[in-house]
Amino acid sequence: MGVAGAVLREVPATRRVGRSEPHSLWQGDQVLDLRDGKPFLAWGREPRPWEFYPVPACSRSLDLPRRAFEAACQGDFELQGHGFEAAEEQMRRPQLVRVGLVQNKTPLPAEAPVVEQVSALHRRIEAIVEVAAMCGVNIICFQEAWTMPFAFCTREKLPWTEFAESAEDGITTRFCQKLAKKHSMVVISPILERDRDHGDVLWNTAVVISNSGAILGKTRKNHIPRVGDFNESTYYMEGNLGHPVFQTQFGRIAVNICYGRHHPLNWLMYSINGAEIIFNPSATIGTLSESLWPIEARNAAIANHCFTCAINRVGEEHFPNEFTSGDGKKAHQDFGYFYGSSYVAAPDGSRTPGLSRNRDGLLVTELDLNLCRQMNDVWNFKMTGRYEMYARELAEAVKPNYSPPILKE
Ligand SMILES: NC(=O)NCCC(=O)O
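Each value, and the rule that gives it
Residues take numbers from 1 onward in each chain, read along the sequence in its written order. Under the rules for a predicted model, residues below a pLDDT of 70 receive no local features and side-chain atom pairs below 80 are neither given nor counted, while totals for whole chains, interfaces and linings still include all residues. Water and hydrogen atoms were dropped before computing side-chain values, which therefore reflect all heavy atoms in the structure. UniProt positions are given in the numbering used here, feature names are shortened, and annotations may be inferred rather than shown by experiment. The rule for pairing is simple: two strands pair if DSSP sees at least two bridges between them. In this text, helices come from DSSP runs of H or I with a minimum length of four residues, and strands from runs of E with a minimum of two, each type numbered from the N-terminal end. In this analysis, two residues are considered to be in contact whenever any of their non-hydrogen atoms come within 4.5 Å of each other. For helices, the fitted line uses only the C-alpha atoms of the stretch in contact; every axis is such a line through C-alpha atoms, and the angle between N-to-C directions lies from 0 to 180 degrees. Here, a salt bridge means any Lys or Arg side-chain nitrogen found within 4 Å of an Asp or Glu carboxyl oxygen. Note on exposure labels: buried denotes an accessible area under 20% of the residue type's maximum, exposed denotes more than 50%, and partly exposed covers the range between, all computed with a 1.4 Å probe on protein chains only. Proximity is defined per residue: any heavy atom of the residue falling within 4 Å of a molecule or strand makes that residue near it. Two N or O atoms count as a polar contact when they lie within 3.5 Å, although within protein this holds only if one can serve as hydrogen donor and the other as acceptor, and sequence-adjacent residues are included solely when both atoms are side-chain atoms. Only the protein chains shown count as covering a residue, and every accessible area follows the Shrake-Rupley method with a 1.4 Å probe. Throughout, the ten residues Ala, Val, Leu, Ile, Met, Phe, Trp, Tyr, Cys and Pro are labelled nonpolar, Asp, Glu, Lys and Arg are labelled charged, and all others, Gly among them, are labelled polar. By convention, a stacked pair of Phe, Tyr or Trp rings (six-membered ring in the case of Trp) has centres within 6.5 Å and planes under 30 degrees apart, an edge-to-face pair has planes over 60 apart, and any other such pair is tilted. Working rule: Lys NZ or Arg CZ, within 6 Å of ring centre, within 35 degrees of ring normal, means a charge sits over the ring.

- The name an unreviewed UniProt entry gives the protein is Beta-ureidopropionase, with Heterocephalus glaber as the organism.
- Reading the Function (unreviewed entry) entry of the UniProt record for the protein gives the comment "Catalyzes a late step in pyrimidine degradation. Converts N-carbamoyl-beta-alanine (3-ureidopropanoate) into beta-alanine, ammonia and carbon dioxide. Likewise, converts N-carbamoyl-beta-aminoisobutyrate (3-ureidoisobutyrate) into beta-aminoisobutyrate, ammonia and carbon dioxide."
- Recorded under Pathway (unreviewed entry), the UniProt text for the protein is reproduced unchanged: "Amino-acid biosynthesis; beta-alanine biosynthesis."

What follows is the structure, encoded as structure tokens:
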């Protein structure tokens with residue numbers, strides 16, 4: 001089928017979304033949703049010609065065991081496998097690592113008791129991680145604040161603050177430690193953190209657990225949104241842990257939580273600190289950010305010579321009480337839909353197809369970390385970055401008495 005001169009081909013049956021849901025088509029490495037046989041975008045208009053530009057395809061699909069597909073089918077979630085190639089080198093062996101990205105709905109309604117919601121999410125994730133283990137995943141990352149509905153739109157405190165847990169010994173961290181040890185898998189667990197040692201305050205945190213089961217450390221969301229219904233500043237402040245990078249057995253990783261993906265300097269600092277893979281666990285909705293989603297993490301992979309993993313939740317979450325966000329919209333009880341579409345981007349600009357916009361899913365991707373240095377050597381962005389010049393200029397620009405050098409006639 002041709003659209004604006006582009007050749008589209010149907011998604012293989014194993015990757016199709018359910019019968020009642022819109023079908024998807026491939027265009028290069030892009031997956032487009034179809035309604036009535038026509039591509040549509042979230043905001044309900046026809047795609048424009050430049051939205052079909054040719055892009056480097058993901059070089060190969062990854063063979064995953066049949067029993068993994070069967071388990072995914074039984075568990076009612078999508079499973080995709082992809083791989084990126086790097087050139088062979090004489091002095092280094094390939095550094096192959098498999099990452100798993102998980103996107104999911106909240107299985108219970110937001111009104112259900114807190115402990116039941118957390119427990120249902122633990123069971124759901126446990127089942128998905130079992131399949132990830134069958135697929136040989138080395139590092140798995142869950143979505144932002146994965147143990148709870150994304151209730152920060154409400155600005156209410158109870159019961160949502162009750163989902164907060166200690167990053168060091170909360171039930172979710174202990175649960176993830178067991179998973180990590182059982183499957184010898186690094187687990188990235190983004191949670192709402194309650195910091196008992198510092199006045200019981202809350203943070204938006206990702207706990208990183210080694211494949212041994214030991215806690216490697218934690219990292220916090222550096223940029224807090226103040227946009228639309230994302231009223232997160234009511235709950236926590238900007239992270240105070242900087243840009244830590246975690247040395248794992250499978251490579252150096254970092255976590256840039258959700259809204260941080262709009263901040264190129266945030267990606268840059270993780271990369272400067274040595275991250276080879278930067279995970280971006282998110283919770284974002286169609287009307288706000290779907291047009292930005294395919295670009296931002298992918299561009300960050302190119303700009304920083306690293307792999308990036310963009311993860312978004314799926315489904316709609318309804319809250320008991322109406323809320324408004326000072327934007328003139330009528331009071332409402334939900335965010336709208338979280339559009340999933342999780343994907344991995346490589347430093348050469350290629351990317352995997354995205355997971356579904358509306359189903360739970362596991363995206364397994366094999367990376368060769370050698371590609372990071374190979375792209376660095378080709379493009380030299382680190383070498384040509386002129387960081388000392390920007391450091392000097394930025395240090396001046398943030399001073400209260402700064403006056404920008406605007407030259408006039
Ligand atoms: N969770 C979160 O930070 N969402 C903000 C919206 C966005 O960045 O798309």
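Picking up after the structure, the text goes on.
Description of the sheet that holds strand β13 (residues 215–220)
Thought 1: Within the open sheet, the eight strands sit side by side as β7-β8-β21-β9-β10-β11-β12-β13. Their pairing is mixed. Among the strands making up the open sheet, the edge pair consists of β7 (60–61) and β13.
Thought 2: With three bridges connecting them, strand β10 (residues 139–141) and strand β11 (residues 186–195) associate as parallel partners. Paired with I140 across the bridge in β11 is V187.
Thought 3: Where helix α2 (residues 114–134) meets the sheet, it contacts β8 (78–83), β9 (96–103), β10 and β21 (361–368), and its direction lies at approximately 35 degrees from that of β21.

Concerning the pattern of salt bridges
Thought 1: Overall, the coordinates contain 24 salt bridges when judged by the stated rule.
Thought 2: The salt bridge involving R92 is made with E89; its shortest N-O contact spans 2.7 Å.
Thought 3: Under the relative-accessibility criterion, E89 is labelled partly exposed at 27%.
Thought 4: Within this structure, E168, E193, D195, K218 and R220 form a network of salt bridges that share partners.

Thoughts on the site of the ligand
Thought 1: Inspection of the region around the ligand gives 14 residues, with E144, K221, R261, H262 and T284 positioned closest.
Thought 2: Between the ligand and H262, the relevant distance is 2.6 Å, taken from an oxygen atom to a side-chain nitrogen or oxygen of the residue.
Thought 3: Within the complex, the protein chains bury 99% of what would otherwise be the 280 Å² of accessible surface of the ligand.
Thought 4: Classifying every residue of the shell around the ligand gives seven nonpolar, three polar and four charged.

Focus on the packing of aromatic side chains
Thought 1: In total, this model carries 16 aromatic pairs according to the counting rule given.
Thought 2: Consider the rings of F150 and F152, whose centres lie 4.8 Å apart with planes at 75 degrees: the pair is edge-to-face.
Thought 3: Judged by its relative accessible area of 0%, F150 falls in the buried class.
Thought 4: Geometrically, the ring pair formed by F152 and Y236 is edge-to-face, given 5.4 Å between the ring centres and 85 degrees between the ring planes. A residue pair is termed long-range when its members are at least 10 positions apart, and F152 in the loop between β10 and α3 (171–183) and Y236 in the loop between β13 and β14 (246–248) qualify at 84 residues. Judged on exposure class, the residue F152 and its partner Y236 are both buried.
Thought 5: A cation over a ring is seen here: K157 above Y235, with NZ or CZ 5.6 Å from the ring centre.
Thought 6: When the ring centre of F338 is taken as reference, the NZ or CZ atom of R313 above it lies at 5.7 Å.

As for the sheet that holds strand β17 (residues 307–312)
Thought 1: Ordered in space as β14-β15-β16-β17-β20, the five strands form an open sheet in which the pairing is mixed. Of all strands in the sheet, those with a lone pairing partner are β14 and β20 (343–345), marking the two edges. Averaged over neighbouring strand pairs, the angle between their axes works out to 25 degrees when direction is ignored.
Thought 2: Of the pairings in the sheet, the one linking β14 to strand β15 (residues 251–255) comprises three bridges and is antiparallel in character. Paired with Q247 across the two strands is R252, which belongs to β15.
Thought 3: Here helix α6 (residues 293–304) sits on the sheet in contact with β16 (277–282), β17 and β20, set at roughly 35 degrees to β20.

As for the environment of A346
Thought 1: By the secondary structure assignment, A346 is in the loop between β20 and β21.
Thought 2: Taking C-alpha positions, A346 is 18 Å from N273, a pair spaced 73 residues apart along the chain.
Thought 3: Excluding its chain neighbours within four sequence positions, the residues that come into contact with A346 are F84, A301, I302, C306, F307 and L371.

Description of the side chain of E193
Thought 1: Inspection of the secondary structure assignment puts E193 in strand β11.
Thought 2: For E193, a relative accessible area of 0% puts it in the buried group.
Thought 3: Only 2.7 Å separates the side chain of E193 from the side chain of K218, close enough to count as a polar contact.
Thought 4: Here the side chain of E193 touches R220 through a polar contact of 3.0 Å, side chain to side chain.
Thought 5: Setting aside residues up to four positions removed in sequence, E193 forms contacts with A164, E165, A167, V201, L202, W203, T205, K218 and R220.

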